[in-house]
Amino acid sequence: MSARSRDLPRRSCLSTPGATEKFLAKAPTVAADMTFLDLEDSVAPLEKVAARAKVVDAIKNLTWDERVLCVRINAWDTEWTYGDVIEVVGNAGERLDEVMLPKVQSAAEVVALDLLLTQVEKNCGLPVGHVGIEAQIETTRGLINVEEICAASPRLETIIFGPADFAASMEMPVLTGGVAIPEYPGDHFHYVFSKILMAGRANGLQVIDGPYLYVRNLDGLREFAQRTRVLGYDGKWALTPDQAAVLNEVYSPTQEQFDRAFDILDAYARATEEDRKGAVMFGDEMIDEASRKMATKFVTRGERAGLTRSSG
Ligand code: GLV
Ligand code: MG
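Residues numbered from 1 in each chain as written. Chains lettered and ligands numbered in written order. Predicted model: local features only at pLDDT ≥ 70, side-chain atom pairs only at ≥ 80, totals over all residues. Heavy atoms only, no water.

> Mind showing me how you'd approach the site of ligand 1 here?
Around ligand 1 sit Arg-72, Gln-136, Glu-138, Gly-162, Pro-163, Ala-164, Asp-165, Pro-211 and Trp-237, and those are all the residues in its vicinity. Residue Gln-136 places a side-chain N or O atom 3.0 Å away from an oxygen atom belonging to ligand 1. Between an oxygen atom of ligand 1 and a main-chain N or O atom of Ala-164, the distance comes to 2.7 Å. With the chains in place, 94% of the 190 Å² that ligand 1 exposes on its own is no longer accessible. Per-element tally for the shell around ligand 1: the top contributor is helix α7 (residues 163–170), with three residues. Of the residues contributing to the shell around ligand 1, the split by class is four nonpolar, two polar and three charged. (Near = heavy atom within 4 Å. Polar contact = N/O pair within 3.5 Å; in protein donor to acceptor, adjacent residues only side chain to side chain. Areas by Shrake-Rupley, 256 points an atom, 1.4 Å probe, with all protein chains shown as cover. Helix = DSSP H or I, 4+ residues; strand = E, 2+ residues; numbered from the N terminus. Nonpolar A, V, L, I, M, F, W, Y, C, P; charged D, E, K, R; others polar.)

See below:
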């Protein structure tokens with residue numbers, strides 16, 4: 001895994017088409033936690049090979065800040081995967097934190113990418129394990145195998161849900177992925193969201209939701225993103241700078257939650273260390289060791305988002 005990016009925030013993950021210089025040039029100016037330069041579905045087949053050099057140039061010559069920087073390569077069922085890795089990691093691997101593997105169907109696909117990355121790293125003088133992997137679950141076969149996929153390599157940093165391809169793989173009668181289906185009584189992706197989240201967390205991965213395709217409907221995005229935010233996801237893809245701004249807010253704890261988490265930790269430390277009690281009242285609620293764990297998660301997430309505790 002990439003030691004640098006493993007724990008960096010990924011509230012907003014900006015998708016940037018790798019064949020278009022205009023979008024590549026703008027990407028570092030967008031306030032997103034993570035940016036991925038895409039060689040996959042936003043690049044036309046006839047541009048796939050030429051896009052590699054544009055992506056390499058963008059990684060090396062644009063000024064990137066501390067954000068997580070990733071390239072989405074093409075899936076193993078195409079002819080482009082190995083060339084994407086050799087050209088991009090071989091020429092711009094130093095600043096690259098991760099590669100994203102789309103349409104992952106089995107653990108073997110992650111292992112194959114891990115092995116190829118190791119060879120490329122050795123050949124270009126990078127430490128083995130320098131480049132991490134993000135895996136996208138967006139087929140029925142991938143979802144069935146998600147538990148093995150999440151455990152397939154120490155390079156894995158995140159597991160991502162791809163709702164558009166997944167809807168196609170399921171043969172859902174929809175023409176837009178990643179949005180609510182009003183005719184469905186409930187959340188049609190609830191099972192999928194939960195299954196991916198559990199598999200990711202069981203293996204210490206960050207868990208990311210994919211794109212919301214109505215790019216002009218920011219209220220719709222805010223509402224839809226709450227579904228995965230409330231379950232515990234770390235972030236979601238952004239297709240525009242405006243979407244990134246909404247997601248940075250949705251996937252951060254509020255200042256009130258952040259301060260309350262610190263208050264719980266203080267009260268629990270006093271109870272256990274001074275009074276030798278494992279369960280005490282905190283206002284109207286009983287807190288114990290499990291409350292400490294929940295509060296710690298809020299603190300970690302808030303700190304990742306740049307929050308600091310209010311004084312007083
Ligand atoms: C993203 O790649 C998706 O298919 O939703
Ligand atoms: Mg996809």
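> Would you take a moment to explain the sheet that holds strand β7 (residues 206–209) for this structure?
Where strands meet in a sheet, backbone hydrogen bonds hold them as pairs that are either parallel or antiparallel. Judged by pairing direction, the barrel is parallel, and its eight strands sit side by side in the order β1-β2-β3-β4-β5-β6-β7-β8 before closing back on the first. Across the sheet, the mean angle separating the axes of adjacent strands is 25° when strand polarity is ignored. (Pairing = 2+ DSSP bridges. Axes fitted to C-alpha atoms, helices over the stretch in contact; angles between N-to-C directions.)

> How should I be thinking about helix α8 (residues 190–202) in this particular structure?
Because an α-helix completes one turn every 3.6 residues, residues spaced three or four positions apart along the sequence face the same direction. When the terminal C-alpha atoms of α8 are compared, their 18 Å separation across 13 residues agrees well with the 18 Å that a helix rising 1.5 Å per residue should span. Along α8, the residues classified as buried are Val-192, Phe-193, Ser-194, Lys-195, Ile-196, Leu-197, Ala-199 and Gly-200. Following α8 by one or two positions, Gly-204 adopts a phi angle in the positive range, close to 70°. (Expected span 1.5 Å × (residues − 1). Buried < 20%, exposed > 50% of the residue type's maximum accessible area, 1.4 Å probe, protein only.)

> What should I look at first to understand the pairing of strand β5 (residues 132–137) in this one?
Within a regular strand, side chains alternate between the sheet's two faces. Across the six residues that make up β5, a large majority, six, are buried. Side chains Gly-132, Glu-134 and Gln-136 project from β5 onto one buried face, and the interleaved Ile-133, Ala-135 and Ile-137 project onto a second face that is buried too. Two elements, strand β4 (residues 98–101) and β5, share four bridges in a ladder whose sense is parallel. Across the sheet, Glu-98 pairs through a bridge with Gly-132, a residue of β5. In this region the chain leaves β4, passes through helix α4 (residues 107–123) and returns to the parallel neighbour β5; the handedness of that crossover is right-handed. With five bridges connecting them, β5 and strand β6 (residues 156–161) associate as parallel partners. Looking across to β6, one finds that Ile-137 is bridged to Phe-161. (Right-handed = clockwise from strand over helix to strand, strands pointing away.)

> Teacher, can you tell me more about the coordination of the magnesium ion (ligand 2) here?
Geometry reference: four tetrahedral donors at a metal, ideal angle 109.5 degrees. Six octahedral donors, ideal angles 90 or 180 degrees. Taken together, the protein ligands of the magnesium ion (ligand 2) are Glu-138 (OE) and Asp-165 (OD), with distances of 2.1 to 2.2 Å. One end of the pair, Glu-138, is in the loop between β5 and α5 (140–144); the other, Asp-165, is in helix α7, and 27 residues separate them in sequence. (Donors = N, O, S within 2.8 Å, 3.2 Å for Na, K, Ca; no water.)

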